[in-house]
Amino acid sequence: MTGVTGGTGRGLTRRRFLGAAAAAAAAATAASTSACGGGGGRGDDASQTTVVTVPPLTGDAAVADLHARLENLAIDTYDALLDTATAGTLGVVPAVVGSVVTTARAQHAEHLAVWNRVLRTAGKPEVDTADAGLTPTLDGLLAQVKDVDGAARLALLVEEILADTYLKSIPTLLDPESVRAAALILVNDQQHQAILRFALGDYPVPEPLQIPDKAAS
Amino acid sequence: MTGVVGDAVGDRESDRRAALRAIGEGLGVVVAGCVSGTVAGLLSTPVAAGGATTRTDAALDIQMLQTASSLETLLVDLYGAALGTGPLGANASSAKAVAAMTDTVARDTMVKILGETQAQHREHRLAFQNLTTALGGKQQNDPNPKYLSGVAAADVGSPLRLVDYAAVLEKILTDTYVVDLTMVENVKAKETLASVMAVEAQHVAVLRAVGALLRDGTPQFLRIPIGADLPNLPATLAAIAFPRAIEEVAAVAEPGSGAVA
């Protein structure tokens, strides 16, 4: 997990979000090394400092955590693309591309809420930051986006990463409700891809069977 | 989200039974009638708990795969009729409708979509059939009997009605596989159902988009690649193709509906 917070509070711009993420990560780091003496609060007595080791998530909770990190990644990417479009960097954005981006962004926020609800129900912390492993790669690709085609292709890549990850994780999930949620979210992500490909001029359903070759882990 | 999550392992068999009961209590009734005798029998059969593979697990998996094969055949035949390669040839109402499209580029695009989609359903059927036999079941080659008469009677006499109807059927396949994924035990079957479900979802989106263009009276935008007409595509296409973040499961084919002994 790459930093957790208790609230959800979406709607941040990418830049503000990254700042919040850094603060959250710092807080998480501080918490993991904080004093936890018998009757005292944090820092009551430095001589009784105990390092708290948080066990890694396992099972469905670990998968939900991964899904939440990726949904945050998608939201951040779409926010960044919207910022770029608003700044005029992409030129004139066709209406259909704009509506795909805004609709998909909103739907990923709903997906994120699903996984955070799963985590909350399992007694685990919610996830409000993007996947740390993929974020630098996506940031690098974002910096290269200069036009609508590039923006749509980046959005398509993110959708593929998420969909492939869901595809790969579904057989590993134990709880049928989590399986159902992952499957229904995968359906939605596939639909995003199809319309993005149509807008890009590609055939919208290129493969007869979906292979999870872009799955994150 | 009410199920067990985290590190706990749920009672898989109980979950499968609950899912089957849900289908029998109405989910599948819309399109597939009542729960078959075979599935009802499964519900009353004592089975091992804890996820261990039992003969009953395999039997239900096989039923789901056979039903999936029968659904794929249904779609292969639907698209075949529209392409003029079905039993009625060019006289099928859907084939006549496609052939009568006056915008030749839109017609060619429609034919390409129908042909590609049919080919993909053929591959899905083959995958399900191979899995069925690998699990010791009998290969299902026929269309799903519960839907067959409905498909035969469907009004697909215009391009719009054809794609609208095809989208409904594709959604039924998608939803069926979503529900199957919550019950199936065999890992390979689970992987295949998920993989196919993902592609059916794309078919749904494409057909909805095509339907929107036809409904708007703008077949001139039915082109792949869309090219210079991209700015002319309606913004509403996104909301039509994927109207909800998580769509409801509307109708499913219960596992026994296409099973063969």
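Keep in mind that this is a model prediction, so the values were computed, not measured.

Here's the deal with the layout of surface pockets
Residues and elements named next belong to chain B.
At step 1: Each pocket or cavity is described by its volume, and for the second largest pocket that value is around 370 Å³.
At step 2: Forming the walls of the second largest pocket are 17 residues, and the residues nearest its centre are Asp77, Leu78, Ala81, Val151 and Ala152.
At step 3: Taken together, the elements giving at least two residues each to the lining of the second largest pocket come down to α4 (55–82), α5 (93–99) and α7 (145–153).
At step 4: At four residues, the largest contribution of residues to the lining of the second largest pocket is made by α4.
At step 5: Considered class by class, the residues forming the lining of the second largest pocket number 12 nonpolar, four polar and one charged.

Digging into the interface of chain A and chain B
At step 1: Residue-level contacts link 56 residues of chain A with 60 residues of chain B.
At step 2: Together, Gln191, Phe198 and Tyr203 of chain A form the three largest contributors to the area buried by chain A at its contact with chain B, with a combined 15%.
At step 3: Across the contact surface, chain A and chain B share zero salt bridges.
At step 4: On the surface where chain A and chain B come into contact, there are 10 residue pairs in polar contact (both at pLDDT 80 or more).
At step 5: Broken down by secondary-structure element, the contributors of at least two residues to the side of chain A that touches chain B are α2 (59–86), α3 (95–121) and α6 (176–200) of chain A.
At step 6: It is α6 of chain A that contributes the most residues to the side of chain A that touches chain B, 21 residues altogether.

Comments concerning empty space enclosed by the protein
At step 1: Scanning the entire structure with this criterion turns up four cavities of 30 Å³ or more.
At step 2: Estimated volume of the largest cavity: approximately 70 Å³.
At step 3: Lining the largest cavity, in full, are Leu184, Val187, Asn188 and Gln191 of chain A together with Lys171, Thr174, Asp175, Val178, Arg244, Ala245, Ile246 and Glu247 of chain B.
At step 4: Lining the second largest cavity we find Ile195, Phe198 and Pro204 of chain A together with Ile113, Val206, Ala209, Val210, Leu213, Leu222 and Ile224 of chain B.

Digging into the packing of aromatic side chains
At step 1: For the coordinates displayed, the defined rule picks out two aromatic pairs over all chains.
At step 2: Each ring, one from Trp115 of chain A and one from Tyr166 of chain A, has its centre 6.1 Å from the other, and the planes form 25°; the classification is stacked. With Trp115 of chain A in helix α3 and Tyr166 of chain A in helix α5 (residues 148–169), the pair connects residues that are 51 residues apart, well separated along the chain. Comparing Trp115 of chain A with Tyr166 of chain A, the two get one shared label, buried.
At step 3: Centre to centre, the rings of Phe128 of chain B and Tyr177 of chain B are 5.4 Å apart; their planes meet at 55°, and the pair counts as tilted. Of the two residues, Phe128 of chain B sits in helix α6 (residues 104–134) while Tyr177 of chain B sits in helix α8 (residues 159–181), which places them 49 residues apart along the sequence.
At step 4: Among the residues examined, Phe128 of chain B registers a relative accessible area of 0% and is labelled buried.
At step 5: Residue classification places Tyr177 of chain B among the buried residues on the basis of a relative accessible area of 0%.

Comments concerning the packing of α6 of chain B against helix α9 (residues 187–215) of chain B
Residue and element names in this part refer to chain B.
At step 1: Two elements in contact, α6 and α9, have axes separated by 11 Å at closest approach and are oriented at 165°. On the basis of the axis angle, α6 is roughly antiparallel to α9. In terms of crossing hand, the pair formed by α6 and α9 is left-handed. Contacts between α6 and α9 involve Met110, Ile113, Thr117, Gln120, His121, His124, Ala127, Phe128 and Leu131 from the first element and Lys188, Ala189, Thr192, Leu193, Val196, Val199, Glu200, His203, Val206, Val210 and Leu214 from the second.
At step 2: A per-class count over the contact of α6 with α9 returns 12 nonpolar, six polar and two charged.

Examining the side chain of Asp175 of chain B
Residue and element names in this part refer to chain B.
At step 1: With respect to the secondary-structure elements, Asp175 resides in helix α8.
At step 2: For Asp175, a relative accessible area of 2% puts it in the buried group.
At step 3: Looking at Asp175, its side chain comes within polar contact range of the main-chain nitrogen of Ala250, at 2.9 Å.
At step 4: Those residues within four positions of Asp175 in sequence are excluded, and the remaining contacts are Glu248, Val249, Ala250, Ala251 and Val252.

About the criteria used
Throughout, a residue's number is its position along its own chain's written sequence, starting from 1. For this description, chains carry letters from A and ligands carry numbers from 1, given in the order in which they are written. Local features in this predicted model are restricted to residues whose pLDDT is 70 or higher, and side-chain atom pairs enter the listing and the counts only when it is 80 or higher, whereas totals over whole chains, interfaces and linings include all residues. Side-chain numbers here rest on the full set of heavy atoms in the structure, without hydrogens or water. With a 1 Å grid spanning the protein atoms alone, the term cavity applies to any set of points in which a 1.4 Å probe fits but cannot get out, the term pocket to an open set with protein on both sides within 12 Å along at least five of seven lines, and the term lining residue to any residue with an atom within 4 Å of a point. Grid points are joined across faces, edges and corners, and a volume is the space filled by probe spheres set on the points. Per the convention used, a helix needs a DSSP run of H or I reaching at least four residues, while a strand needs a run of E reaching at least two, with both numbered from the N terminus. Following the grouping adopted for this structure description, the nonpolar residues are Ala, Val, Leu, Ile, Met, Phe, Trp, Tyr, Cys and Pro, the charged ones are Asp, Glu, Lys and Arg, and the polar ones are all others, Gly among them. Here, two residues are considered to be in contact whenever any of their heavy atoms come within 4.5 Å of each other. Accessible area that two parts lose when put together, with a 1.4 Å probe and added across both, is what the buried area reports. Any carboxyl oxygen of Asp or Glu within 4 Å of a side-chain nitrogen of Lys or Arg constitutes a salt bridge here. In protein, a polar contact means a hydrogen-donor-capable atom and an acceptor-capable atom, both N or O and within 3.5 Å, with residues adjacent in sequence counting only if both atoms are side-chain atoms; elsewhere, any N or O pair within 3.5 Å suffices. Only the six-membered ring of Trp is used, alongside the rings of Phe and Tyr, when aromatic pairs are assigned; centres must lie within 6.5 Å, and planes under 30 degrees apart are stacked while those over 60 apart are edge-to-face, with the rest tilted. Exposure is judged per residue with a 1.4 Å probe applied to protein chains only, and the accessible area is read against the type maximum: over 50% gives exposed, under 20% gives buried, and values in between give partly exposed. Orientation is described by lines fitted to C-alpha atoms, with helices fitted over the stretch in contact, and by angles between N-to-C directions that extend from 0 to 180 degrees. With respect to orientation, any angle under 35 degrees is reported as roughly parallel, any angle over 145 as roughly antiparallel, any angle of 65 to 115 as roughly perpendicular, and every other angle as oblique. By definition, turning the near helix anticlockwise from the far helix through less than a right angle yields a left-handed crossing, and turning it clockwise yields a right-handed one.

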